[in-house]
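Chain residues, written in single-letter form:
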Amino acid sequence: MDQASGLRRMAKQKPVKVIAVASGKGGVGKTNVSVNLALGLVAAGRQVLLMDADLGLGNVDLLLGLRSEYNLSHVINGQRRLEEVVVKGPEGLAIIPAASGTQMMSELSKEQHAGVIRAFSELSLPVDVLLIDTAAGISDSVVSFTRAAHEVLVVVCNEPTSLTDAYALIKVLSEEHGLQRFNILANMVRTPKEGNILFAKLTRVTDYYLDVTLNYMGAVPQDEYLVKAVKKQQAVMKSYPQSPSALAFRQLAAKVDKWPAPEQASGHLEFFVERLIQYSAAG
Ligand SMILES: Nc1ncnc2c1ncn2[C@@H]1O[C@H](COP(=O)(O)OP(=O)(O)OP(=O)(O)O)[C@@H](O)[C@H]1O
Ligand SMILES: [Mg+2]
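Quick summary incoming for the structure in this document. (Residues numbered from 1 in each chain as written. Chains lettered and ligands numbered in written order. Predicted model: local features only at pLDDT ≥ 70, side-chain atom pairs only at ≥ 80, totals over all residues. Heavy atoms only, no water.)

1. Notes on the site of ligand 1
Alright, step 1. Residues in close proximity to ligand 1 total 18 residues, the closest being Gly-27, Lys-30, Thr-31, Asn-32 and Asp-223.
Alright, step 2. The fraction of the free accessible surface of ligand 1 (630 Å²) that becomes covered by protein chains is 81%.
Alright, step 3. Of all the secondary-structure elements, those providing two or more residues to the shell around ligand 1 are helix 2 (30-43), strand 7 (181-189), strand 8 (213-221) and helix 11 (224-231).
Alright, step 4. Considering only residue class, the shell around ligand 1 consists of eight nonpolar, seven polar and three charged. (Near = heavy atom within 4 Å. Areas by Shrake-Rupley, 256 points an atom, 1.4 Å probe, with all protein chains shown as cover. Helix = DSSP H or I, 4+ residues; strand = E, 2+ residues; numbered from the N terminus. Nonpolar A, V, L, I, M, F, W, Y, C, P; charged D, E, K, R; others polar.)

2. Description of the pairing of strand 8
Alright, step 1. Pairing of strand 7 with strand 8, which is carried by seven bridges, proceeds in the parallel orientation. Bridge pairing links Ala-186 to Ala-219 in strand 8.
Alright, step 2. One crossover worth recording links strand 7 to the parallel strand 8 by way of helix 10 (residues 192-209), and it is right-handed. (Pairing = 2+ DSSP bridges. Right-handed = clockwise from strand over helix to strand, strands pointing away.)

3. Re the pairing of strand 1 (residues 17-22)
Alright, step 1. Where burial is concerned, most of strand 1 is hidden: six out of the six residues are buried.
Alright, step 2. Here strand 1 shows a buried face lined by Lys-17, Ile-19 and Val-21 and a second buried face lined by Val-18, Ala-20 and Ala-22.
Alright, step 3. In this structure, strand 1 lies alongside strand 5 (residues 129-134), joined through five bridges in parallel fashion. Note that in strand 5 the partner of Ile-19 across the bridge is Leu-131.
Alright, step 4. In this sheet, strand 6 (residues 151-157) lies alongside strand 1 in parallel orientation, the contact comprising four bridges. Paired with Ala-20 across the two strands is Val-152, which belongs to strand 6. (Buried < 20%, exposed > 50% of the residue type's maximum accessible area, 1.4 Å probe, protein only.)

4. Observations regarding the pattern of salt bridges
Alright, step 1. In the structure shown here, the tally under the stated rule is six salt bridges.
Alright, step 2. Linking Glu-91 and Lys-238 is a salt bridge whose minimum nitrogen-to-oxygen distance equals 3.3 Å. A residue pair is termed long-range when its members are at least 10 positions apart, and Glu-91 in the loop between strand 3 (87-88) and strand 4 (94-96) and Lys-238 in helix 12 (residues 236-239) qualify at 147 residues.
Alright, step 3. Lys-171 is the partner of Glu-175 in a salt bridge, and the nearest nitrogen-oxygen pair spans 3.1 Å. You can see Glu-175 and its partner Lys-171 sitting in helix 9 (residues 160-175), four residues apart, about one turn around the helix.
Alright, step 4. By relative accessible area, which is 34% here, Lys-171 ends up partly exposed. (Salt bridge = Lys/Arg side-chain N within 4 Å of Asp/Glu carboxyl O.)

So, in structure tokens, the structure goes:
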């Protein structure tokens with residue numbers, strides 16, 4: 001592909017909004033939020049690519065009962081095209097399965113680097129939103145994915161360690177990596193008020209110690225239907241669309257859908273991959 005045709009193709013592409021879902025603490029609902037938010041955006045007419053950036057046990061394919069043969073590492077090694085790695089989930093949701101490749105991003109050769117970027121730039125699948133389900137903790141991989149994204153959605157729940165871990169994540173991302181805007185979602189709340197209180201507690205400390213802006217995205221209730229759906233290896237949005245959590249996920253999707261589109265230049269998938277590689281290498 002010559003440069004001019006590459007530029008022409010890029011000018012025609014719509015920018016892709018990249019959203020990373022993170023939490024600091026494990027088990028607060030990142031994967032459920034990622035999957036159900038993705039389905040909510042699909043229902044709103046968006047083309048969504050969900051990237052599983054967590055190698056842990058509770059990953060996206062498990063939650064959706066999907067099997068994947070290939071992952072990003074096969075793309076990095078040049079064995080598969082990105083299209084061949086993408087798995088089709090419910091309602092046409094496209095999924096990139098988890099790979100140890102995210103660790104490898106920092107150790108790519110020049111050829112592999114160029115290869116991954118080409119793989120993303122050649123993806124013919126239309127994408128409006130790339131959602132990234134990150135791992136628990138504040139590893140280099142979590143930091144690089146969140147830095148490369150346009151928006152970060154931090155999931156918290158009403159446990160002291162969830163708030164302290166979310167604070168630690170926000171602190172690292174803001175003080176060491178210059179991120180300033182964070183979207184906060186309260187999960188597993190018993191009442192809407194519990195969500196507001198959680199957000200107020202977090203804001204109180206970040207306002208005092210950090211130079212960041214927190215944006216409250218609302219709350220998802222503690223919901224037995226979600227637990228049932230997880231056991232069935234299905235998304236709650238699909239198996240119990242009228243359940244309290246599914247309703248909350250739909251509201252969340254409507255809010256996320258209103259986030260402004262990224263600027264043209266930062267909005268191309270290949271530029272997201274460039275940032276990801278650059279930040280991974282920078283450590
Ligand atoms: N809104 C909810 N209502 C009830 N239970 C929930 C809710 N959200 C999450 N859970 C429970 O928490 C469990 C963990 O959720 P999930 O796997 O999405 O968390 P995670 O943050 O992705 O975990 P990990 O850090 O291991 O990746 C679910 O299997 C479910 O039992
Ligand atoms: Mg998870």
